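# Close look at the chain arrangement
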Amino acid sequence: MTFARRTILKGAAAGLGALAAPSILRAAEGDTLRVALITSLSGPAQLYGNFIKIGTTIAADRINAKGGALGKKIELVIRDDKGSPDGAVAAFRELAGMGIKLVAQGPLTAPLLATLPLLDGAGASMVMVGPSSASLTHENFNPNAFRLGFSGPMAYSGFASVMARKYPDVTRWAVMATETDSLKDLARQFTLGLKREYPKLAGKEVEVLDPLFASFGAADYKNQISSLMDAKADGLFNVLQGADAISYYKQARTFGVENKYRIQADSGNELSIAKALGRNTPKEIWGWTGWYQEAVADNPVAQEIYKDYVGRTKDEYPNWFMAIAHDSILAIVNAAQVAGSTDRAGVLPAMAASAPLGATGKITFRKEDQTFVGNLVYIKFGADASDPKGWRVFESVVLPGAEFVEPATPGKKLA
Amino acid sequence: MAFAIINGLTTAMAVFLVAAGLTLMFGILRVLNFAHGAFFMIGAYVAWSLLGDAPDSLAAFIGGALGAAALVGALGLVVDQLVLRRLRHVDEHYMLIATFAVLLICVGVAKMIWGMDFHSADPPPFLDGGVAIAGLFLPKFSLFVIATGFVVFLALEIAIHRLWLGKMVTALAADGWMANLLGVNVPLGTTLSVVASFALAGLAGGLLLPNQALSPALGDTYLLLAFTAVIIGGLGNVRGAFIASILLGMIESFNALLLPNLPGLAVYLGMIAFLLLRPNGLFGASAS
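Residues numbered from 1 in each chain as written. Chains lettered and ligands numbered in written order. Predicted model: local features only at pLDDT ≥ 70, side-chain atom pairs only at ≥ 80, totals over all residues. Heavy atoms only, no water.

Moving on, we come to the environment of A:W320. Residue and element names in this part refer to chain A. Looking at the element boundaries, W320 is found in helix α13 (residues 320–339). Take W320: its relative accessible area is 5%, and that puts it in the buried class. Remark: the alpha-carbon pair of W320 and N334, spanning 14 residues in sequence, is separated by 21 Å. Non-local contacts of W320, meaning those with residues more than four positions away in its chain, are made with G130, F150, E270, W288, T289, G290 and W291. (Helix = DSSP H or I, 4+ residues; strand = E, 2+ residues; numbered from the N terminus. Buried < 20%, exposed > 50% of the residue type's maximum accessible area, 1.4 Å probe, protein only. Contact = heavy atoms within 4.5 Å.)

To continue, consider the side chain of B:N211. Its place among the elements puts B:N211 in the loop between α8 (186–208) and α9 (219–233). Among the polar contacts made by the side chain of B:N211, one reaches the side chain of B:Y222 at a distance of 3.0 Å. Those residues in contact with B:N211 that lie beyond four places of it in its chain are A:A219, A:K222, A:S247, A:K250, A:Q251, B:F141 and B:Y222. (Polar contact = N/O pair within 3.5 Å; in protein donor to acceptor, adjacent residues only side chain to side chain.)

What follows deals with unusual backbone geometry. Residue and element names in this part refer to chain A. Put simply, G106 and P107 share a cis peptide bond, and its omega is 10°. Its identity as a non-glycine residue notwithstanding, E270 has a phi of 35°, on the positive side. Relative to the elements of secondary structure, E270 occurs in the loop between β10 (263–266) and α11 (272–277).

All names here are of chain B. The sheet contact formed by strand β1 (residues 130–133) and strand β2 (residues 136–139) spans four bridges and is antiparallel. Within the sheet, the bridge partner assigned to G130 lies in β2 and is P139. The hairpin turn running from β1 into β2, its antiparallel successor, is two residues long, and A134 in that turn takes a positive phi close to 50°. (Pairing = 2+ DSSP bridges.)

The subject of this paragraph is a nonpolar patch on the surface. All names here are of chain B. A cluster of nonpolar residues, M1, I5, L257, L258, L259, L262, L265, L269, I272, L276 and L277, forms a patch on the protein surface that exposes about 1,100 Å² of accessible area. Within the residue set of the nonpolar patch, elements represented by two or more residues are α10 (238–258) and α11 (265–277). Ranked by residues supplied to the nonpolar patch, first place goes to α11 with five residues. Tracing the sequence through the fold places L259 in the loop between α10 and α11. Under the relative-accessibility criterion, L259 is labelled partly exposed at 39%. (Patch = residues over 30% accessible without salt bridge, like charges linked within 9 Å, V, L, I, M, F, W, Y side chains within 5 Å. Areas by Shrake-Rupley, 256 points an atom, 1.4 Å probe, with all protein chains shown as cover. Salt bridge = Lys/Arg side-chain N within 4 Å of Asp/Glu carboxyl O.)

Before going further, it helps to spend a moment on the confidence of the model for chain B. Should pLDDT be low for a region, the predicted coordinates there are not to be read in detail. This prediction gives chain B a mean pLDDT of 89; 98% of its residues lie at or above 70. The ipTM value of the predicted complex is 0.86, and its pTM value is 0.85. (pLDDT = per-residue confidence, 0-100.)

All right, on to empty space enclosed by the protein then. Per the stated rule, a full pass over the model turns up four cavities of 30 Å³ or more. If you go around the largest cavity, you meet 19 residues; those closest to its centre are A:K250, A:R253, A:T254, B:P123 and B:P210. Among the elements of the structure, α9 (243–255) of chain A together with α5 (140–161) of chain B are those that each provide at least two residues to the lining of the largest cavity. By residue number, the principal contributor to the lining of the largest cavity is α9(A), which donates four residues. Along the lines of polarity and charge, the residues of the lining of the largest cavity split into seven nonpolar, six polar and six charged. (1 Å grid on protein atoms, 1.4 Å probe; cavity = no way out; pocket = protein on both sides within 12 Å on 5 of 7 lines; lining within 4 Å. Points joined across faces, edges and corners; volume = space filled by probe spheres on them. Nonpolar A, V, L, I, M, F, W, Y, C, P; charged D, E, K, R; others polar.)

What follows is the structure, given as structure tokens:
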């Protein structure tokens, strides 16, 4: 009797498969409560995915320290969507195959749009971690998913309101933006907000100049900066993000943009600007952020999570995705605990009805479209030679998100 | 208008600094090195690691850039021994795939060493701020980039067309088999060219460090324009890459001035038009 190598390999593979199968079955009904996280651990959103990963890990550890949920310890099963819809779908199918019913996914919109239609067939409930696209709770609304993040209209209406309150005399605004649809939309939302909030709060009409655009990933912004120096405006809204924004601020400093404009508003880079630029951070920037620990100093959960984060990473300035990710796991596990099972027939109503205290405050969703209506946070920061870092946060403003959230139109595009 | 011209020239020289190594590599190996941008990025990180956030003098800054060039050149030697040399005699598509793999490895290693956070470095004090010339405000660092681009171009011109080493490399690029018959040490010449190409990427990374944010994605910043310059200039031709870089810099700059709502569009239109008119580029596909 002879054995071909291929025959032996086939036999070994079959044997291993047979051995593995019971463990997969056990996993679905095992000693732990499995919660899935699908996020970007590679690709363009890896930086944010890393913050999400650590936030969810902190949440799972905190829940486990208190005894877990449904009588079991939480086990996070983390998969990388690679920043792509295909990667997200592959990850979701694998996790669904493992019998996992509680899913957290974010922050990118495109991978979410790919997996949302799969929730129904998998019998899963989802919390969307941090996406800002309005479409997720409007024309692409899915009753099996809750958005724990800030829609663009909500965040930038609130931002405009802060500007109108703090700088009622700054009525001419210039806009610097990357020429991508999503960022152009942020500029539009901020502009709409200015035109609504200034008459209401400052009693003045506001003029917003045509935006100046740069390519995504551009190396040079000096032509646009030169135009900004000639613009007849005293407020400047920056809608460049990530490395583009840092490069822009570096080049703008040479021209003295910070001296020309009374105030610069930044769309979403928050403290990554100051962390990169140090003492060369502009004198004053207002920025939107989803969470800032000192703005919620009276929230004990926020403070505990912040300490936990700093202890793990030695980084004193976490990105807001860390806190949102923590709250996402807390919200969905709490809902399962309230419902008494991971069955979505119980989890979804429990998500809508309960409001556990998280890092962002009471985690509440609007019933009609299941979008988060928590607090909005804005911070003013800038260069400070007296600080060893070369910069510091000067003040923060917290606004109730429910006052700025756009109208609910689940299943229909926002007008 | 005058500012757009100066800024176009700044962009042009920045692009040329990146394109120089790229076109040199193609001239010798007939390979478009996809990993070139990654080594540009590594050069910037190395210079930042050597200099910190604030280089205290022009000499230190240039020293840091030369240090980056030396280290990235040494990495080029490693890549040549481990990858390029082994694939030199197989179909060129394998080389393209291999350099793409090297790119992915470089980005991954950079993330492991330097992390994902954005960083930034200042120009040295001598190059910080701007000067007013005829009522025009010009950043000193832009003028430095323009000067550096010309210096590097002239140095390459002299090295390739006047020095014995350059002539040897030109000979083996034109016909390696014949050069070998005539006693030229082809493997040595090829390796030296590869190391020079990588060192140029590292030098560009170090010199352009203060111009933009430092992140693992930095390699993408100039690479597309550099590839375009190499293609328009005529693959493998340093002189062509230099002139094409100037053309692209001007197109890019005037695009921002005349078509502000369509940034970056004119470069692509220009490349398409140029390739239709001169499919072999400005200086054909001859080696430099």
